[in-house]
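# Structural characterization, general
Chain residues, written in single-letter form:
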Amino acid sequence: MSHTPYSASGRSTPYHLRDIVHDVMKTYRHEKESEAHMIFRDAAGHKPKSVLPQTVNPEEETVPGIQHPGSTGVIYCSDRAMANGFSYASSHEWANLGQGAPEVGPIPDAPSKPQSIPLPEDSLEYAPTTGIKALREAVATLYNHTYRQGKASQYTYENVCIVPGGRAGLSRVAAVVGDVYCSYQVPDYTAYDQVLGAFKRLIPVPTSLEADNNYRLDIEQTRKDIKNQGLEVIIASNPRNPTGQVIQGDELKQLVSLAREATTTVILDEFYSWYIYPEDEAEFGKSISSAQYIDDVNSDPVVIVDGLTKNWRLPGWRVCWVIGPKNLVTALSQSGSFLDGGANHPLQLAAIDLLKPERVHLEKLALQKHFKHKRDHVLRRLKTLGFRVDVPPQATFYVWLNLENLPAPLNNGLTFFEELLKEKTIVIPGIFFDINPAHRRNLFNSPCHHFVRLSFGPPLDVLDMGIDAMERVLKKAKKEGMRAFGHGYSKSVEGSAAFEKLV
């Protein structure tokens, strides 16, 4: 992004030496000197791992044996927004570009959503921990119709486990994995941090994805890592959150083949499998899944997690599924019995009709056209403002926005996030996608530190509200200089002695 460097005094003329020294110090300082970073570290569970449990207020008595695991990015950012006046009653006054959910209202040409559901008496009972058989059959039928026509090996209901949300599905899978080395990528979905940190038998092994390579997962390097590092599990989102990239075609086929040949379990979070934006409109209506390349559904070690949350735009239903070999599903039934107890019974019944292939095709067409229009609109506006999107999204509904060329301190995600809160706009700082289960890293050293994730999941008018707020921050920087930023943030509701010392 090209811009005139702003001096600390607010001048748009070339720097004086004092301004250069001032800005260099601001650019390379430690996180302890940044108010935004101290607020983050002050939240329970966000300090570097240590012997002592972490509490909301260090002066309170600690419940013996209890530790805060740390919040996901969306939860932390929502809490910080509430500290700045956000409430669900006033949410219409805010632009939430941090939400990990699509708009749930009507979109052009999409089938209408259920406005009410029946509650037969037997639906008031617990459902099986694997889900009701009719819904499991509907999921299997949809995958066979979409991805497995003409293949000898077909999914049945025994390959499907219904779960109450994607995180519940991932937790069930993690609970049945033994003591193994588990490969993950940076950046990736924020909840993997908590999953890998909570289930201690999974030994995390990171792989860094680079912008220069379009955040591609290098299949040949992965093959070497399996051999040299003894990887037994690989977990990844595909399409990828937050970068908006996708493993598809020959690369996805190679990844599935690698899992089969190396007997390494590949867990793929495919929640954005419909959010694909081809340039050729004739390609609309297609979707991506590893299910297309599996040879034998009961022996290939590929686990798929998906559900109604994103593709059907029903995040509040909490009806999702895990697909894999039969012996995996029986294990997930057992882990579900002590982890979550199963998904909502009436909503499982209501979901069956939503999975009919002819309805799904209409949903895909409407979703892809609508969200591609929103993506293109957001990218145009960001370009007009001079923002830098190194790798534009080909999938999902996220933009991985690089702030590196902004003047300090706006060039890091946490400070940019706090400044936007003052403008009633929410984004997600990039550090939440640095899957770092040990929490040892100085935040300024994170490869995700100078990014934020923007969601174009909300309606178009909300997207414009948020981008207008970003424009106001840039205009303020030009008018008032950089000393106007990096301070004056509302404390979290719980507060802390450490933060009070800082201010």
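Residues numbered from 1 in each chain as written. Predicted model: local features only at pLDDT ≥ 70, side-chain atom pairs only at ≥ 80, totals over all residues. Heavy atoms only, no water.

Strand order in this open sheet of three strands is β9-β12-β11, and the pairing throughout is antiparallel. Looking along the sheet, the strands with just one partner apiece sit at the ends: β9 (398-402) and β11 (428-429). Here five bridges tie β9 to strand β12 (residues 451-455), and the two strands are oriented antiparallel to one another. Bridged to L401 within β12 is V452. (Pairing = 2+ DSSP bridges. Helix = DSSP H or I, 4+ residues; strand = E, 2+ residues; numbered from the N terminus.)

Right, let's get into the packing of aromatic side chains. Applying the stated criterion to the full structure yields 22 aromatic pairs. Measuring from centroid to centroid gives 5.4 Å for F40 and Y76, while their planes differ by 80°, and the two rings are edge-to-face. Here Y76 lies in helix α3 (residues 73-83) and F40 lies in helix α2 (residues 35-42), a separation of 36 residues in the sequence. Judged by its relative accessible area of 6%, F40 is buried. Here the aromatic rings of W400 and F433 are separated by 5.6 Å at their centres, their planes lie at 85°, and the arrangement is edge-to-face. (Phe/Tyr/Trp six-rings, centres within 6.5 Å; stacked < 30°, edge-to-face > 60°. Buried < 20%, exposed > 50% of the residue type's maximum accessible area, 1.4 Å probe, protein only.)

So, on to the pairing of β12. Among the five residues of β12, five are classified as buried, and the element is accordingly described as predominantly covered. Here β12 shows a buried face lined by F451, R453 and S455 and a second buried face lined by V452 and L454. The pairing of β11 with β12 spans two bridges and is classified as antiparallel. Within the sheet, the bridge partner assigned to P429 lies in β12 and is V452.

With that settled, the discussion passes to helix α8 (residues 249-262). With 14 residues, α8 extends 20 Å from end C-alpha to end C-alpha; this agrees with the ideal 20 Å at 1.5 Å per step. Residues of α8 that are buried: L252, L255, V256, S257, L258 and A259. Tucked into the core, α8 has its buried residues touching α7 (219-229), β6 (265-269) and β7 (302-307). (Expected span 1.5 Å × (residues − 1). Contact = heavy atoms within 4.5 Å.)

The side chains of a regular strand alternate between the sheet's two faces. Burial runs high along β7: six of the six residues are buried. Of the two faces of β7, both are covered, the one formed by V302, I304 and D306 as well as the one formed by V303, V305 and G307. The pairing of β6 with β7 spans four bridges and is classified as parallel. Looking at the pairing, L268 lines up with I304 of β7.

W312, W321, L355 and F387 are the most contacted members of the largest nonpolar core, which totals 142 residues. When residues of this core are assigned to their parent elements, the largest contribution, eight residues, is made by helix α13 (residues 460-480). (Core = buried A, V, L, I, M, F, W, Y, C linked by side-chain atoms within 4.5 Å.)

Moving on to the sheet that holds strand β4 (residues 202-208). Spatial strand order, β2-β8-β7-β6-β5-β3-β4: seven strands in an open sheet with mixed pairing. Two strands close off the open sheet at either side, each with one partner strand: β2 (160-163) and β4. For this sheet the average axis-to-axis angle between neighbouring strands, irrespective of direction, equals 20°. Packing against the sheet, helix α9 (residues 326-339) makes contact with β2, β7 and β8 (320-323), and its axis sits at approximately 30° to β2. (Axes fitted to C-alpha atoms, helices over the stretch in contact; angles between N-to-C directions.)

Cis geometry marks the peptide bond from N241 to P242; its omega dihedral reads 20°. Along the polypeptide, P242 turns up in the loop between β5 (231-237) and α8. A cis amide bond, omega 5°, links A408 with the succeeding residue P409. Note that P409 resides in the loop between β9 and α12 (413-421). The phi dihedral of Y215 is positive, around 55°, even though this residue is not glycine. Tracing the backbone shows Y215 in the loop between β4 and α7. Even without being a glycine, R313 presents a positive backbone phi close to 60°. Mapping R313 onto the fold places it in the loop between β7 and β8.

Our next topic: the environment of H345. Here H345 lies in helix α10 (residues 345-351). When the C-alpha atoms of H345 and E125 are compared, they prove to be 7.4 Å apart, with 220 residues separating the residues in sequence. The residues contacting H345, other than those within four sequence positions of it, are D122, S123, E125, Y126, A127 and I132.

Let us now look at the pattern of salt bridges. A complete count under the given rule lists 25 salt bridges for this structure. One salt bridge connects D340 with R172, and the closest N-O pair in it is separated by 2.7 Å. One end of the pair, D340, is in the loop between α9 and α10; the other, R172, is in helix α5 (residues 166-175), with 168 residues separating them in the sequence. Judged by its relative accessible area of 27%, D340 is partly exposed. In this structure, D376 and K372 form a salt bridge, with 3.3 Å as the shortest nitrogen-oxygen distance. Linking D376 with K372, this pair stays in helix α11 (residues 357-385), spanning four residues, or about one helical turn. The buried category is assigned to K372, whose relative accessible area is 13%. (Salt bridge = Lys/Arg side-chain N within 4 Å of Asp/Glu carboxyl O.)

Just distances and angles here, no functional claims.
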